[in-house]
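Each chain, written out:
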Protein chains: 2
Amino acid sequence: MIRTRPVNTDDIKRLNLARVLRYLHEGGELTRSELVAHTRLNRSTVGALVADLAFAGLVEEGPGSGGTVGRPSLVVRPTPTSAFVVAFDLRVDRIVGAAYSLGGHVLSQVERPRADGPFAPAKAVSKLVECTTELLAGVPEGCAWVGVGIAIPGVIDAETGLVRKAPNLGWIDLNFVELIEPAMTEAFGASPKIMLGNDANLGAIAEYVRGAGSLASSVVYLSGDVGVGGGFVLEGEVMTGSSGYAGEIGHMTVNPRGQACNCGNRGCWETEVGRDAILRAAGTSITESTVPEVVRAAMAGDQESLEGLQEIADWVGIGVANLLNMIDPDVIVLGGHLAEIYPVVYERIEARITRSRPLFETRARLSLPSLPLGSTIVGAAEIAFTALLRDPLNEMERSLALVAS
Amino acid sequence: MIRTRPVNTDDIKRLNLARVLRYLHEGGELTRSELVAHTRLNRSTVGALVADLAFAGLVEEGPGSGGTVGRPSLVVRPTPTSAFVVAFDLRVDRIVGAAYSLGGHVLSQVERPRADGPFAPAKAVSKLVECTTELLAGVPEGCAWVGVGIAIPGVIDAETGLVRKAPNLGWIDLNFVELIEPAMTEAFGASPKIMLGNDANLGAIAEYVRGAGSLASSVVYLSGDVGVGGGFVLEGEVMTGSSGYAGEIGHMTVNPRGQACNCGNRGCWETEVGRDAILRAAGTSITESTVPEVVRAAMAGDQESLEGLQEIADWVGIGVANLLNMIDPDVIVLGGHLAEIYPVVYERIEARITRSRPLFETRARLSLPSLPLGSTIVGAAEIAFTALLRDPLNEMERSLALVAS
């Protein structure tokens, strides 16, 4: 049965405003002609939409920042002081935070180390409020605060925002939004909408919108760390799956007679390509070394390290080939420590992929993450802009109470 | 970047007509109030749209076929004699064909055995034209022929309709549409649009629209035969992947030290759950037995057959668990011989799934195919209706030349 919403004439203006603003947010400055070409709306419609967005303070027109041959043409761009979001990435060993303006520019940044292991929710709340205070200090006066996005290394229920399982934080069925929202309101007088996302899903969103997948229609982002996570964006939508477990690719069985996994199964992909597997293959362990050290040793000619990484490369290739056979995305971004080992053993990885799917040539491209501050936090910022980019004028009105000062 | 099309006022009427007709095609007879509720359009809009569709002959109003308590209420239904499609399923051992009316009723059926192995394209064309002649004889006079859909056991290029690889037919990079269209035109004076689809993808479409997945938003259909194929429908769209290879799940590596596969790799899923694996596990082979015979023997208490099927069940469970970990659909339909073995060993399959993903409870439901004539051919009929259901009035005008008599 059909499950889409109908479109009526009332929706069109809102959809078109959202469309123009999203192009500007993702693409930066554009001439009116470029907007006409991209949106496929006619010139007068684009003019009226730009005027409405400008009246709301969201966009401005001025000379372009490009070359200066001849008369500089006018461009439309997001007003960088109009609206901003706060984004966080809760990692195993630290909190990374940033404030981003509409258009995706970094306004301020913060980083706090934290001890490995469980993270008491109350402590997480107070740390994030503290970091937010610091981030807000770097936001221009009058800029409207339209959202908060937080990347969580775990399974998030897409509908409720509940953190179902985040083993590295020690969180199970935790409604983190319900905890942090009152604290934000107390600290800042009000709280914008707070969105949570799985870290690999957010990495995939960021690479799709602004990174290695910006010309693709489907992107998989693999986050290699202690475990291996996966995020999958298809035509702009994250595939979360029926129960929120899509992308739990680290627990794909690739070696039924292999190592026992933390999850209780045997031969999961992450038992073959996770951090401990890499260290073990290189003849070392977490108490003695790290993945970057193994990579440096291999590049300096250490034979045991290099052979270890080549063994890992075979398993990376098998898992990537399975991904290609199952969902065949345009781009697969190798994040986390997979990005570190790739430059050393990419030939072996690609040879194993070819060996695993001899019948099928593929257009899919392997790529390294391409966003300097990290794909995950950029994805957290993007979901924080969701409400504004869906209904720009109404959302700006709603957010006025949250103007930073 | 955004890659959707804008919506302008000119599109709305066409979208709404399409929306109403699709509800009727998929849902059968509906009262105007039900149409209002389903489409979320207002009553007068629905009235005008129904009038336009009725004027074009596509729908009719009359007393409902339901209970007779009180005054029977008027319903709108697709006019069964208004439009039809011809659908084919090219199987390994036979051709199955049917003509379907708008609304999904079978008007006529045909079946022709064919020898296992390569199928010369010219022979396939003449067989299909011959079958079409037979099918058209069963179509009511005046009914407009709006499409042909053909299910192919192979990889189809979504954009061009090129058959890239269909090993069981012996077709490689074959433009079958270019071959059959002139033959159809010669035989019938004109040819409606001919659509090709991968058999597992079409199975997934059919189960999503009318079958086990009709209340779901994502459906995977697994076709177990000599090999194992997979089709994946998400929110009504088939996921074909970047190169058309999404769903090549039979070639997922699950056992790197396992059997050599026909594809040249080792330990592909289909080497563990394909037809030959089932027969081998049951201590027999293709020259001596068939999968249904093994299943019957196991049900009659033959120990070797039962143990063989239980071994296969473990591998089915591992592959299904990988599917759940990667894409986590609402429903997984076990088609082909997987449907035959499931009733005998479902407990073992489900136990293996639980063992493979102990951390993740899941809402996904395993199901048997639910469409009597076969999911695949119903899917072929559905894609044949694509053009009509996208732009009903214009498509009816275009198809008048093809009215069957």
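Just above, that's the structure.
Residues numbered from 1 in each chain as written. Chains lettered and ligands numbered in written order. Predicted model: local features only at pLDDT ≥ 70, side-chain atom pairs only at ≥ 80, totals over all residues. Heavy atoms only, no water.

**Q** Which residues make up the sheet that holds strand 8 (residues 163-166) of chain B, and what values do they have?
**A** Backbone hydrogen bonds are what pair the strands of a sheet, in a parallel or an antiparallel way. Residue and element names in this part refer to chain B. As summarised here, the arrangement of the three strands in space is 7-8-9, forming an open sheet in which the pairing is antiparallel. Each edge of the sheet is formed by a strand with only one pairing partner; in this case those strands are strand 7 (155-156) and strand 9 (171-174). Bridge count for strand 8 against strand 9 is three bridges, and the pairing is antiparallel. What sits directly across from Ala166, in strand 9, is Trp171. (Pairing = 2+ DSSP bridges. Helix = DSSP H or I, 4+ residues; strand = E, 2+ residues; numbered from the N terminus.)

**Q** Describe the interface of chain A and chain B, and please don't skip the residues or the numbers.
**A** Counting from both sides, the interface comprises 74 residues of chain A and, opposite them, 73 residues of chain B. Taken over both partners, the interface formed by chain A and chain B buries close to 6,300 Å², and the fraction arising from carbon and sulfur atoms is 54%. Run the count over chain A and chain B and you get zero salt bridges. Those elements that provide at least two residues to the side of chain A that touches chain B are helix 1 (9-27), strand 8 (163-166), helix 6 (199-210), strand 12 (228-234), helix 10 (303-326) and helix 11 (337-356) of chain A. Residue contributions to the side of chain A that touches chain B peak at eight residues, all from helix 1 of chain A. Across the side of chain A that touches chain B, the residue classes tally to 33 nonpolar, 23 polar and 18 charged. (Contact = heavy atoms within 4.5 Å. Buried area = accessible area lost by both parts, 1.4 Å probe. Salt bridge = Lys/Arg side-chain N within 4 Å of Asp/Glu carboxyl O. Nonpolar A, V, L, I, M, F, W, Y, C, P; charged D, E, K, R; others polar.)

**Q** Go over the pattern of salt bridges with me, naming the residues and quoting the values.
**A** Summed over the entire model, instances satisfying the criterion amount to 28 salt bridges over all chains. We note a salt bridge from Arg348(A) to Asp314(A), for which the minimum N-O separation is 3.0 Å. With a gap of 34 residues between them, Arg348(A) in helix 11 and Asp314(A) in helix 10 connect regions that are remote in the sequence. Glu60(B) serves as the salt-bridge partner of Arg77(B), at 3.8 Å between the closest nitrogen and oxygen. A residue pair is termed long-range when its members are at least 10 positions apart, and Arg77(B) in strand 2 (residues 74-78) and Glu60(B) in strand 1 (residues 59-63) qualify at 17 residues. Three or more residues are tied together by salt bridges with common partners; here these are Glu29(A), Glu60(A) and Arg77(A).

**Q** Describe the relation of the copies chain A and chain B, naming the residues involved and giving the relevant values.
**A** The second copy of the chain is related to the first by a rotation about an axis and a shift along the axis. The two copies are related by a screw operation: chain A maps onto chain B through 180° of rotation and 0.0 Å of translation along the axis, at an RMSD of 0.0 Å. Between the two chains, the operation in question is that of a two-fold axis. Among all residues of chain A, the one whose C-alpha sits closest to the rotation axis is Val254(A), at a distance of 2.4 Å. Looking at the interface residues of chain A, 99% of them are also at the interface in chain B, so both copies use one shared face. (Least-squares fit on C-alpha atoms with pLDDT ≥ 70 in both.)

**Q** Talk me through unusual backbone geometry; I want residue IDs and the actual numbers.
**A** Residues and elements named next belong to chain B. A positive phi angle, near 50°, is found at Glu235, a position not held by glycine. Tracing the sequence through the fold places Glu235 in the loop between strand 12 (228-234) and strand 13 (237-238). A positive phi angle, near 45°, is found at Asp328, a position not held by glycine. Judged by its relative accessible area of 0%, Asp328 is buried. (Buried < 20%, exposed > 50% of the residue type's maximum accessible area, 1.4 Å probe, protein only.)

**Q** Break down the packing of helix 10 (residues 303-326) of chain B against helix 11 (residues 337-356) of chain B for me, citing the residues and quoting the values.
**A** All names here are of chain B. Viewed as axis vectors pointing N to C, helix 10 and helix 11 meet at an angle of 55°, and their least axial separation amounts to 7 Å. In terms of axis orientation, helix 10 runs oblique to helix 11. The two elements helix 10 and helix 11 meet at a crossing, and its hand is right-handed. Residues Leu306, Leu309, Gln310, Ile312, Ala313, Asp314, Val316, Gly317, Ile318, Val320, Ala321 and Leu324 of helix 10 form the contact with helix 11, whose own contacting residues are Leu338, Ile341, Val344, Val345, Arg348, Ile349, Arg352, Ile353 and Ser356. In terms of residue class, the contact of helix 10 with helix 11 is made up of 15 nonpolar, three polar and three charged. (Axes fitted to C-alpha atoms, helices over the stretch in contact; angles between N-to-C directions. Parallel < 35°, antiparallel > 145°, perpendicular 65-115°, else oblique. Left-handed = near helix turned anticlockwise from the far one by under 90°.)

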